[in-house]
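So you can see what is in the structure, the chains are spelled out below.
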Amino acid sequence: MKHTQHHYFIAPILLAGIYLFIGTSCDLSKNNEGSGSTVSDPPFQNVSATFLKSNNLNNNSMDGQAIDIDQDGDMDMILAMEFQANVILINDGRGQLVDESDQRFPRQRHDSEDIAIADFDLDGDPDIVFVSEDDQTNEYYENQGHAVFKAVDSKIPVKGTSNAVEATDLDGDGDEDLIIGNSGQNVILINDKGTFKNETSTRLPQNNYTTQDIELGDIDGDGDLDLLEGNETFNRILINDGNGFFSFDEKRLPQINDQTRDADFGDADGDGDLDIFFSNVDFGGFGDPQNRLLLNDGNGFFTEATNERIPKSNFRTVDSDFVDLDQDGDLDLLCGNRFNGMSMMVLINDGQAHFSDQTTTFFPSINCYPFDFQVADFNADAKMDIYICGFRGDDILFFGK
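This is a predicted model, so every value here is computed, not measured.

Turning to the overall build of the protein, a few remarks are in order. Summing up its helical and strand segments, the protein has five helices and 29 strands in all. Accessible area of the protein: about 14200 Å², with a carbon and sulfur share of 45%.

Enumeration over the complete set of coordinates arrives at 16 aromatic pairs. An angle of 70° between the planes, with centres 5.6 Å apart, marks the rings of Tyr-140 and Phe-196 as edge-to-face. Highlighted residues: Tyr-140 in strand E9 (residues 139-143) and Phe-196 in strand E14 (residues 195-198), separated in sequence by 56 residues. Judged on exposure class, the residue Tyr-140 and its partner Phe-196 are both buried. On the basis of an interplanar angle of 75° and a centroid distance of 6.4 Å, the ring pair of Phe-277 and Phe-322 is categorised as edge-to-face. Residue Phe-277 is found in strand E20 (residues 275-281), and its partner Phe-322 is found in strand E23 (residues 317-323); the two are separated by 45 residues along the sequence. Considered together, Phe-277 and Phe-322 belong to a single accessibility category, that of buried residues. Put simply, the rings of Phe-105, Phe-130, Tyr-141 and Phe-149 pair up and form one aromatic cluster. The aromatic ring of Phe-245 is capped on one face by Arg-203, whose charged end is 4.1 Å from the ring centroid.

Glancing now at the side chain of Asn-240. Structurally, Asn-240 is set in strand E17 (residues 236-240). A polar atom in the side chain of Asn-240 sits 3.5 Å from the backbone nitrogen of Asn-243.

Looking now at the nonpolar core. Core analysis: the largest hydrophobic core is formed by 18 residues, its most contacted members being Leu-325, Leu-334, Phe-363 and Ile-386. Elements that contribute at least two residues to this core include exactly strand E25 (344-349), strand E27 (370-376), strand E28 (385-394) and strand E29 (396-400). Ranked by residue count, the leading element in this core is E25, at three residues.

As a further point, take the pairing of strand E3 (residues 58-67). Most of E3 sits inside the fold, with eight of its 10 residues counted as buried. With two bridges connecting them, E3 and E28 associate as antiparallel partners. Residue Asn-60 lies in a different strand from E28, and its bridge partner there is Phe-391. Where E3 lies against strand E4 (residues 76-85), six bridges are found, and the strand directions are antiparallel.

Here the focus is the confidence of the model for the protein. When the pLDDT values of the protein are averaged, the result is 88; 89% of them are 70 or greater. The low-confidence segment residues 1-38 (pLDDT under 50) makes 186 contacts with residues lying over four places distant or belonging to another chain.

Here Asp-135 shows up in the loop between strand E8 (127-132) and E9. We classify Asp-135 as partly exposed; its relative accessible area is 26%. The spacing of Asp-135 and Arg-109 is 26 residues in sequence and 9.8 Å in space, taken between C-alpha atoms. For Asp-135, the side chain forms a polar contact with the main-chain nitrogen of Asp-111, separated by 3.3 Å.

A few words now on the sheet that holds E23. Through backbone hydrogen bonds, the strands of a sheet pair up, either in parallel or in antiparallel fashion. Taken in spatial order, the four strands make up an open sheet running E23-E24-E25-E26, and their pairing is antiparallel. With partners counted over all chains shown, the strands left at the sheet margins are E23 and strand E26 (355-357), one partner each. Here the strands of the sheet are splayed against their neighbours by 25° on average, with no regard to which way each runs. Pairing between strand E24 (residues 332-337) and E25: four bridges, direction antiparallel.

Below, the discussion takes up the environment of Ser-247. Looking at where Ser-247 falls in the secondary structure, it is placed in strand E18 (residues 246-248). The exposure class assigned to Ser-247 is partly exposed, which follows from its relative accessible area of 41%. In this structure the C-alpha to C-alpha distance between Ser-247 and Pro-205, which are 42 residues apart in sequence, comes to 6.2 Å. Not counting the four nearest positions on each side in its chain, Ser-247 is found in contact with Ile-237, Leu-238 and Ile-239.

Turning next to the pattern of salt bridges. Going through the model one piece at a time under the given rule, you end up with 13 salt bridges. Across the pair Asp-41 and Lys-401 runs a salt bridge whose closest N-O atoms are separated by 2.8 Å. Placement of Asp-41 in the segment before strand E1 (44-46) and of Lys-401 in the segment after E29 is noted, with a sequence separation of 360 residues between them. Residues Asp-288 and Arg-292 are paired through a salt bridge, measuring 3.5 Å at the closest nitrogen-oxygen approach. What emerges from the salt-bridge pattern is a single network uniting Asp-258, Asp-288, Arg-292 and Glu-304.

This part is about the side chain of Asp-68. Positionally, Asp-68 belongs in the loop between E3 and E4. Buried and unpaired, Asp-68 has Arg-104 as its nearest opposite-charge partner, separated by 9.4 Å. A distance of 3.1 Å separates a polar atom in the side chain of Asp-68 from the backbone nitrogen of Asp-72. Reaching out from Asp-68, the side chain makes a polar contact with the backbone nitrogen of Gly-73 at a distance of 2.7 Å.

The next subject is the sheet that holds strand E11 (residues 162-168). Reading across from one edge, E11-E12-E13-E14 is the order of the four strands in this open sheet, with antiparallel pairing throughout. Edge positions in the sheet fall to E11 and E14, since each of these pairs with one other strand and no more. For this sheet, the mean angle separating the axes of adjacent strands, direction not counted, is 25°. Both strand E12 (residues 177-182) and strand E13 (residues 187-192) contribute to a ladder of three bridges, which runs antiparallel. Among the inter-strand pairings, Ile-179 is bridged to a residue of E13, identified as Ile-188.

Conventions used here
- For every chain, the first residue of the written sequence is number 1, and numbering continues from 1 onward in sequence order.
- Given that this is a predicted model, residues contribute local features only at a pLDDT of at least 70 and side-chain atom pairs are listed and counted only at 80 or more, while totals for whole chains, interfaces and linings are drawn from all residues.
- Each side-chain value is worked out from all heavy atoms of the structure, with water and hydrogens disregarded.
- Secondary structure elements are taken from DSSP: a helix is a run of H or I of four residues or more, a strand is a run of E of two residues or more, and numbering for both begins at the N terminus.
- All accessible areas in this document rest on Shrake-Rupley with a 1.4 Å probe, and a residue is counted as covered only by the protein chains that are shown.
- Note on ring pairs: Phe, Tyr and Trp rings are taken, using the six-membered ring of Trp, and paired if centres are within 6.5 Å. Classes follow the plane angle, with under 30 degrees stacked, over 60 edge-to-face and the rest tilted.
- Each residue gets one of three labels from its accessible area relative to the maximum for its type: buried under 20%, exposed over 50%, partly exposed in between, using a 1.4 Å probe on protein chains only.
- Over a ring means this: the NZ of a Lys or the CZ of an Arg is within 6 Å of the ring centre and within 35 degrees of the ring normal.
- Any pair of nitrogen or oxygen atoms within 3.5 Å is treated as a polar contact; in protein, a donor-acceptor pairing is required on top of that, and neighbouring residues in sequence qualify only through side-chain atoms on both sides.
- For this analysis, a nonpolar core means a set of buried residues of the types Ala, Val, Leu, Ile, Met, Phe, Trp, Tyr and Cys, connected via side-chain atoms within 4.5 Å.
- Pairing between two strands is assigned when DSSP locates at least 2 bridges connecting them.
- Confidence scores here are pLDDT values: one per residue, from the predictor, ranging 0 to 100.
- Here, two residues are considered to be in contact whenever any of their heavy atoms come within 4.5 Å of each other.
- Note on method: axes are straight lines fitted to C-alpha atoms, helices fitted across the in-contact stretch only, with angles between N-to-C directions ranging 0 to 180 degrees.
- A pairing counts as a salt bridge when a side-chain nitrogen of Lys or Arg comes within 4 Å of a carboxyl oxygen of Asp or Glu.
- Positive: Lys, Arg. Negative: Asp, Glu. His and the chain ends are not part of the count.

Next comes the structure, spelled out in structure tokens:
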């Protein structure tokens, strides 16, 4: 799920990484239980009723990206919707996000799961790719200028049961290529000015797992982006040779039989390298719902640090973000959960990668079904805002106070 273009308050070393409770809507009157001390003036204010102007934001938001899609200097939102037409919310300059999907997008309906945004055709404006799971249809929209989009799906030569997509320049030719995470073999598509060629067989090792998330980061400090797969049953690190060809190194990660839904890079312990947070579930009765923190030794080899550094969890976390929520210079964790009465969880870093649950300090009364978080300054007041993509519930917008 999902993410490289939209972290605005995360420390610069963080290259990638982004984000369930069953219900029919987000109930903002119920307190989370057992999570820190409640304060009378939390740092975020729910402004959804005033600043979200759309009738299409209930029950189906799978992933979002905050980006200035119309290039007017403020942050808009692009949303991947499950079996609904995808959504584009345009910022009015004051933080009000207005649904202009009908004027800007073809209204196709697919099982959209994740988003990659880049200037794929090198014409100076951002284009959009959505990948889909159940109906195996990938969507590619070229920007015709002024954030009006045309469907050119035929330029993506693959289909698959896809949950994740990342854009990056793998071959160093100046345009953004694609990595798609699938159920089964993942895919690398090399871009030629907006048309993609499948080069999976030469660039990626075989994968028979179900990949729920992919993240890019320079874990071994050699100046190129390596690949982290968050898989059901078996997570993997793939090392980049510098030219966009990847090899699997089983010694990089402890091999634990988790069912991972989200994987995130961030320098948790402040030592200058990328650590990993895995968001885990046990859907279908397999895996361990305990989330995991793994620390980098500086050379891209990771050790388990879960037991002594993060709280015990059985909340079925489907999305997490490293973000400096308390603005003290280190990376905290914002987690979205599914079950057991804790829909959101805030873990605050003490600066040494020991995390404590301080949820109610930040969100004293929220109970929803978050599938993704987007952090950006939507209302241009130089404060952190948070957009929550709600699945089985409404989307929520918080402004920082």
